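The residues making up each chain are set out below.
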Amino acid sequence: MLHAAFLIPLFPLAGFAVLALAGRRLGNPVAGWLGTAMVAASFVVTVIVFAGLFQQAPAHRSFDQTWWTWFSVDRLHVTAGILVDPLSMTMALFVTGVSTLIHLYSIGYMEHDPQLPKFFLYMNLFVSSMLLLVLGGNLVMTFLGWEGVGVCSYFLIAFWFDRPSAASAGKKAMIFNRIGDAGFLVGMFLVYERTGSLQYTTVFSRLGHVSGASLTAIALLLFLGAVGKSAQLPLYPWLADAMEGPTPVSALIHAATMVTAGVYLMCRINPILFRAPDAAHTVAIIGAVTAFLGATIACAQNDVKKILAYSTISQLGYMFLAAGVGAYVAAIFLMLAHAFYKALLFLGAGSVIHAMNDEQNTKLMGGLRAVMPITWITFLVAWLAIGGVPPLAGFWAKGDVLLNAYGFSPWLYALGALTAVLTAYYIGRCYMLVFSGNARWVEARASGDGHGAVVSHASTPPASGHAQEEADTSNPNVSHERVSQRELHPHDPAWVMTVPLVVLAVCSFVGGIINLPFHPNLVFLERWLDPVVSRSLFNHHFGAGTQVLFACVDAALAVLGVGLAIALWRSAVDRPEVEPTFLQRAWFIDFGYDRLIARTSTVFAAFTSAVVENRVIDGAVNGVAGLFRSGGGVLRKVQTGYVRNYALGVMAGLVVLLAYVVSRSVS
Amino acid sequence: MHGALAGGLLATATVPDALTFAVAAIISVVGALGVVLSRNPVHSALMLIMTLFGVAVLFVEEDAQFLAAVQVIVYAGAIVVLFLFVIMLLGVDRNESIAAEPMPAQRWLAVALGVLGLAEVILLARGKWPTGAHTVAGPLHGTGQANVAVLGRSVFTSYLLPFEITSALLVIAVIGAVVLARRPRGSGEDVDPSIGPRVDSGEIVAGGGGSAGRGGAGAGAGSAGAGSAGAVSPEQSIQAERAAGELVTAGEPFGAVLKEAEGVSIVQRRES
Amino acid sequence: MSVPASFYLTLSAVLFTIGAIGLLVRRNVLVMFMCVELMLNAANLAFVTFARELNDVAGQAAVFFVLVVAAAEVVVGLGIIVAIFRRRVGATADDIHVLKG
């Protein structure tokens with residue numbers, strides 16, 4: 001039963017192959033159903049393998065499955081194979097599960113897009129790569145998956161590549177990720193150099209011989225990779241732009257799965273982090289600061305997807321905070337819970353965007369509670385879950401993180417607690433703007449006879465300029481639809497889209513039961529992951545009283561955030577005093593990058609193009625050419641054309657050779 | 001020096017052997033010099049036969065009876081005859097002057113390099129030089145078999161593959177020769193053989209038909225008789241100028257040449 | 001007692017040198033060709049001498065192959081000469097120098 005594990009990444013890969021060869025012929029929606037079925041099959045296999053692993057004794061819940069030797073150079077032997085252990089199977093289970101739901105949702109979301117087969121092609125390739133990433137038995141396999149998800153992310157962000165903004169967002173994601181990947185690669189080299197292996201199990205068994213400085217360097221380099229992939233400070237801006245992709249992509253790749261790969265990597269290398277406390281502290285601090293920064297930015301965004309994107313950055317920061325303080329179980333727990341409620345938020349937002357005909361500005365929505373009941377209920381659940389209202393999943397997960405953060409440093413706890421309030425607040429603000437209040441979309445559409453949206457945009461603050469551009473240049477068939485259907489009749493989408501919403505809402509609601517505190521028998525996840533992370537767990541022991549106290553504080557923080565959101569946004573649409581410009585423009589960090597790096601490098605590129613390229617390189621090339629030309633002009637006189645003359649040359653050569661031979665033989 | 005050489009020869013060999021070698025060697029060298037120095041290619045060919053015979057004698061002297069026979073039959077009998085046929089086909093070209101050399105230094109360099117190379121080889125013969133391992137082909141003497149049998153066994157066993165490949169080489173050579181010598185069909189560049197015999201007092205001088213006459217015509221271009229030809233084209237006058245410094249054999253049978261622009265039509269006639 | 005090998009080899013070298021000088025000096029392609037044959041014969045003589053000296057039949061076998069190759073070479077070479085003569089008049093080797101730099 002465990003040996004079927006190789007099928008897990010194989011199914012989506014087969015789906016990718018079939019769609020690549022015959023996707024266009026299968027057409028819409030057969031291609032979508034095929035892709036969904038493949039991921040669902042993978043999910044089933046994962047469940048079976050998971051069950052098989054569960055039956056083993058805890059000490060035997062880890063084995064390497066080697067497929068073949070990938071390459072073998074000198075002492076380096078890299079095998080293609082996977083590592084089946086509680087951590088990788090947990091990841092695989094939630095990746096395949098969430099992927100199945102989002103694939104199902106995409107069938108409905110993308111039904112009008114003629115590029116649907118291509119979409120599912122990329123999605124299947126993504127799922128396959130992601131599974132390779134989490135299951136990979138060595139760093140090279142993980143890196144293979146890592147790059148695979150990266151390229152799929154690029155393809156899917158730039159899926160509507162005829163929009164310039166989407167194309168440049170894809171490029172941005174690619175470039176930011178390359179910076180991180182360079183760190184990953186160098187870290188990998190260092191791992192090999194120090195331990196002579198890249199296989200996780202071998203590497204971890206040899207860590208005792210590696211110096212602390214090397215381990216710190218390895219951990220920090222791999223963390224650089226994680227920072228790029230998981231959009232942490234300072235490599236986070238690409239994730240906000242990645243919202244140019246279709247919403248299911250944002251839900252799957254840029255919220256639930258791919259961006260958590262960095263957290264997974266940190267948990268995977270927990271033996272290294274454990275021996276490199278300085279690196280772990282860096283991880284924790286960067287995580288906490290990113291969490292706070294993301295949350296503040298999310299408070300002032302208007303584009304619904306941007307809010308969710310910054311929220312994702314913030315939540316990922318929480319996960320890194322947990323991983324950095326050694327609470328790997330808490331990190332994984334929050335990752336699972338986050339996968340549920342963030343996917344749910346994105347899919348809910350997708351439903352809303354779908355219903356509003358690709359309008360993403362929350363200021364132009366409102367009052368959708370009445371017309372989209374299922375979306376409303378599920379979004380509400382997601383809000384309360386992410387906000388940490390008991391007894392939803394987010395409460396338990398975030399509580400776990402904050403408790404461990406407190407055990408490590410009260411300062412980080414304070415930052416985390418503040419972020420928790422903000423989290424409940426900004427999602428609440430989004431919720432209030434979208435679902436309650438007046439139906440602003442009615443006036444907007446009616447007043448401008450289809451152009452009202454643009455007029456309203458003009459009055460929005462400058463930060464939404466991006467959204468405005470987006471709305472104006474949305475892909476052709478959608479804008480066509482908008483013109484033909486000026487009257488909006490928002491409604492809940494078809495069942496393929498609502499079923500995932502409901503399932504995810506249920507998971508978000510009850511997800512906390514997998515790791516309840518208070519009693520040692522209830523911490524299922526902790527006991528399950530024990531073989532992987534127990535050694536490196538920081539010993540934070542809290543009494544039951546402390547735990548209850550912290551739970552109460554967490555609940556109070558959540559309620560504070562929720563209440564704040566309701567109080568501020570129940571009746572208002574614009575509140576400039578809580579939407580300062582520096583938050584709308586994301587602390588000017590992206591702007592700073594643009595000025596400092598993009599502009600300067602553009603100037604530098606212009607300089608090199610004009611001077612270095614034209615003068616130096618071209619000069620060198622032309623100079624060499626001229627040298628050879630004049631040299632050839634001299635040498636061509638040798639080519640007399642007379643055969644006898646050439647024969648004379650042969651003769652001369654013969655004499656020289658003979659002279660050499662004679663000199664050798666005589667001496 | 002000659003005395004010393006002969007003395008050395010007689011000191012190491014019996015008189016008949018030494019005498020045979022000396023005579024054959026002199027014949028070979030004289031023939032070789034004749035090949036190089038003869039003005040007339042026909043003489044060169046005949047001198048070549050002389051050298052080949054000398055070498056054949058040396059082959060016999062060195063127990064290579066089969067090769068000696070083949071040398072005479074194939075070289076003297078076939079190859080040199082082929083040379084003579086081609087000379088007849090194309091006409092005897094005495095255009096070339098041995099005294100004049102258009103490329104300065106070519107001749108002196110050639111002689112200098114040749115002598116240098118010779119000196120080096122002779123020097124080499126005095127030094128010690130490993131000759132390498134014996135081949136798998138087997139011994140030449142002491143097998144109790146005749147030279148032909150020994151050589152034949154070697155060629156048909158150890159050297160079977162090269163032997164088969166040479167058969168393929170010969171076939172390729174035959175096909176190649178046919179392709180090269182074949183008159184390209186329908187190409188205007190060639191000379192119409194029907195023109196030659198029909199010109200005024202025209203009479204084919206060299207044997208081998210019209211095409212042979214063409215070669216001869218070109219060869220005769222440099223002769224003094226060029227000036228007396230009826231019509232002289234500019235190109236031809238250049239040729240005549242170039243040839244002016246060359247030795248001219250008296251009683252040269254070939255006459256003027258009329259060559260049209262691209263050498264399309266060449267007319268040849270006997271000089272009176 | 002037969003003539004020592006050094007005499008044969010010296011003769012071979014002399015013949016080869018004469019052939020080489022002839023090839024370089026003469027301009028008539030046919031005579032140049034004959035000079036090539038001279039050089040081949042000189043090499044053959046050396047082969048046969050070594051075969052005798054080392055008591056190895058391989059030297060004679062090599063001469064056998066040289067003869068065959070020489071025959072093939074003459075056939076093709078003369079074919080080329082005939083083809084050249086068909087296009088040009090009075091071609092000596094120096095007349096054919098189109099392929100110069």
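This report concerns the structure included in the present document. (Residues numbered from 1 in each chain as written. Chains lettered and ligands numbered in written order. Predicted model: local features only at pLDDT ≥ 70, side-chain atom pairs only at ≥ 80, totals over all residues. Heavy atoms only, no water.)

## What about the overall build of chain B?
Part 1 of the argument: What chain B contains, in helices and strands, is nine helices and two strands.
Part 2 of the argument: Helices and strands in chain B line up, N terminus first, as α-α-α-α-α-α-α-α-α-β-β.
Part 3 of the argument: Here chain B holds 272 residues, and the buried ones make up 38% of them.
Part 4 of the argument: In chain B, the share of contacts with a sequence separation of at least 24, taken over all contacts with a separation of at least 6, comes to 58%. (Helix = DSSP H or I, 4+ residues; strand = E, 2+ residues; numbered from the N terminus. Buried < 20%, exposed > 50% of the residue type's maximum accessible area, 1.4 Å probe, protein only. Contact = heavy atoms within 4.5 Å.)

## Observations concerning the overall build of chain C
Part 1 of the argument: For chain C, the helix and strand inventory stands at three helices and zero strands.
Part 2 of the argument: Shown N-terminal to C-terminal, the secondary structure of chain C runs as helices and strands in the order α-α-α.
Part 3 of the argument: Per-residue burial for chain C yields a buried fraction of 69% across its 101 residues.
Part 4 of the argument: Within chain C, contacts between residues separated by at least 24 positions form 62% of all contacts whose residues are at least 6 apart in sequence.
Part 5 of the argument: If you sum the accessible surface of chain C, you get close to 3000 Å²; carbon and sulfur atoms cover 75% of it. (Areas by Shrake-Rupley, 256 points an atom, 1.4 Å probe, with all protein chains shown as cover.)

## Looking at the packing of helix 17 (residues 393-408) of chain A against helix 25 (residues 544-569) of chain A
A pair of packed helices can be characterised by two numbers: the angle between their axes and the separation between those axes.
Residue and element names in this part refer to chain A.
Part 1 of the argument: Where helix 17 meets helix 25, the axes come as close as 10 Å, and the angle between the chain directions of the two elements is 120°. In terms of orientation, helix 17 lies oblique with respect to helix 25. In the crossing of helix 17 with helix 25, the sense of the turn from one axis to the other is right-handed. Taken together, the residues of helix 25 that come into contact with helix 17 (itself represented by Phe-395, Gly-399, Leu-402, Leu-403 and Tyr-406) are Gln-547, Phe-550, Ala-551, Asp-554 and Ala-555. (Axes fitted to C-alpha atoms, helices over the stretch in contact; angles between N-to-C directions. Parallel < 35°, antiparallel > 145°, perpendicular 65-115°, else oblique. Left-handed = near helix turned anticlockwise from the far one by under 90°.)

## Some remarks on the pattern of salt bridges
Part 1 of the argument: The final tally for this structure, using the stated rule, is ten salt bridges over all chains.
Part 2 of the argument: A:Arg178 is the salt-bridge partner of A:Glu147, the closest N and O atoms lying 2.8 Å from each other. Of this pair, A:Glu147 sits in helix 5 (residues 139-157) while A:Arg178 sits in helix 6 (residues 164-195), placing them 31 residues apart in sequence.
Part 3 of the argument: Judged by its relative accessible area of 23%, A:Glu147 is partly exposed.
Part 4 of the argument: Residue A:Arg178 is classed as partly exposed on the basis of its relative accessible area, which comes to 32%.
Part 5 of the argument: When the shortest N-O distance is used, the salt bridge between B:Glu62 and C:Arg52 registers 3.8 Å. Taken together, the positions of B:Glu62 in the loop between helix 3 (41-61) and helix 4 (65-90) and C:Arg52 in helix 2 (residues 29-54) put the pair across two chains. C:Arg52 carries the same exposure label as B:Glu62, and that label is buried.
Part 6 of the argument: Overlapping salt bridges bring together A:Glu147, A:Arg178 and A:Asp181 as one network. (Salt bridge = Lys/Arg side-chain N within 4 Å of Asp/Glu carboxyl O.)

## Section: the interface of chain C and chain B
How big an interface is tends to be stated in terms of the accessible area lost upon association of its parts.
Part 1 of the argument: Taken together, the 69 residues of chain C in the interface contact 99 residues of chain B.
Part 2 of the argument: Roughly 7500 Å² is buried in total at the junction of chain C and chain B, and carbon and sulfur atoms are behind 72% of that figure.
Part 3 of the argument: For the interface between chain C and chain B, the tally reads one salt bridge.
Part 4 of the argument: Between chain C and chain B we count eight residue pairs in polar contact (both at pLDDT 80 or more) in total.
Part 5 of the argument: Here the side of chain C that touches chain B gets 24 residues from one element, more than from any other, and that element is helix 3 (residues 58-87) of chain C. (Buried area = accessible area lost by both parts, 1.4 Å probe. Polar contact = N/O pair within 3.5 Å; in protein donor to acceptor, adjacent residues only side chain to side chain.)

## Let's talk about the pairing of strand 2 (residues 76-84) of chain A
Residues and elements named next belong to chain A.
Part 1 of the argument: The element strand 2 is largely enclosed, with a buried count of eight among its nine residues.
Part 2 of the argument: As paired strands, strand 1 (residues 63-73) and strand 2 are joined by nine bridges and run antiparallel to one another. Of the residues in strand 2, the one forming a bridge with Trp-68 is Ala-80.
Part 3 of the argument: Taken together, strand 1 and the strand that follows it, strand 2, pair antiparallel across an intervening segment of two residues, in which Asp-74 is found at a positive phi of about 50°. (Pairing = 2+ DSSP bridges.)

## A closer look at the interface of chain A and chain B
Part 1 of the argument: On the side of chain B, 16 residues touch chain A, which itself brings 13 residues to the contact.
Part 2 of the argument: The junction of chain A with chain B conceals about 1300 Å² of combined surface from both sides, 75% of it contributed by carbon and sulfur atoms.
Part 3 of the argument: At the surface where chain A touches chain B, the tally comes to zero salt bridges.
Part 4 of the argument: On inspection of chain A and its partner chain B, the count reaches one residue pair in polar contact (both at pLDDT 80 or more).
Part 5 of the argument: Its residues assigned to classes, the side of chain A that touches chain B shows nine nonpolar, two polar and two charged. (Nonpolar A, V, L, I, M, F, W, Y, C, P; charged D, E, K, R; others polar.)

## Considering the packing of helix 3 (residues 86-109) of chain A against helix 4 (residues 116-135) of chain A
All names here are of chain A.
Part 1 of the argument: Two elements in contact, helix 3 and helix 4, have axes separated by 9 Å at closest approach and are oriented at 170°. Classified by the angle between their axes, helix 3 and helix 4 sit roughly antiparallel to one another. Judged by residue contacts, Ser-88, Met-89, Met-91, Ala-92, Val-95, Thr-96, Ser-99, Ile-102, His-103, Ser-106 and Ile-107 of helix 3 engage Leu-116, Phe-119, Phe-120, Met-123, Asn-124, Val-127, Met-130, Leu-131, Val-134 and Leu-135 from helix 4.
Part 2 of the argument: Here the residues of the contact of helix 3 with helix 4 are counted per class, giving 15 nonpolar, six polar and no charged.

## Examining a nonpolar patch on the surface
Residues and elements named next belong to chain A.
Part 1 of the argument: On the surface, a nonpolar cluster with roughly 540 Å² of combined accessible area is contributed by Ile-374, Val-502, Val-506, Phe-509, Val-510, Ile-513 and Ile-514.
Part 2 of the argument: Take the nonpolar patch: its biggest share by element is four residues, from helix 23 (residues 495-510).
Part 3 of the argument: With respect to the helices and strands, Ile-514 occurs in the loop between helix 23 and helix 24 (524-533).
Part 4 of the argument: Exposure remark for Ile-514: the relative accessible area of 31% places this residue in the partly exposed category. (Patch = residues over 30% accessible without salt bridge, like charges linked within 9 Å, V, L, I, M, F, W, Y side chains within 5 Å.)

## Digging into the environment of B:Val72
Residues and elements named next belong to chain B.
Part 1 of the argument: Among the structural elements, Val-72 can be located in helix 4.
Part 2 of the argument: A residue is classified by how much of its surface remains accessible, and Val-72, at 28% relative accessible area, is partly exposed.
Part 3 of the argument: Separated by 23 residues in sequence, Val-72 and Ile-49 have C-alpha atoms that sit 8.6 Å apart.
Part 4 of the argument: Not counting residues within four places of it along the chain, the set of residues in contact with Val-72 comprises Phe-53, Ala-56 and Gly-77.

## Considerations on unusual backbone geometry
Part 1 of the argument: Look at the link from A:Leu233 to A:Pro234: it is a cis peptide, with omega at 5°.
Part 2 of the argument: Residue A:Pro391 is bonded to the preceding A:Pro390 through a cis peptide linkage, with omega at 5°.
Part 3 of the argument: Tracing the backbone through its elements, the reader meets A:Pro391 in the loop between helix 16 (373-387) and helix 17.
Part 4 of the argument: Positive phi is not limited to glycine here, since A:Asp74 has a value of about 50°.
Part 5 of the argument: Summarising the element assignment, A:Asp74 is placed in the loop between strand 1 and strand 2.
Part 6 of the argument: Within the chain, C:Asn55 stands out as a residue other than glycine whose phi angle is a positive 55°.
Part 7 of the argument: You can see C:Asn55 is positioned in the loop between helix 2 and helix 3.

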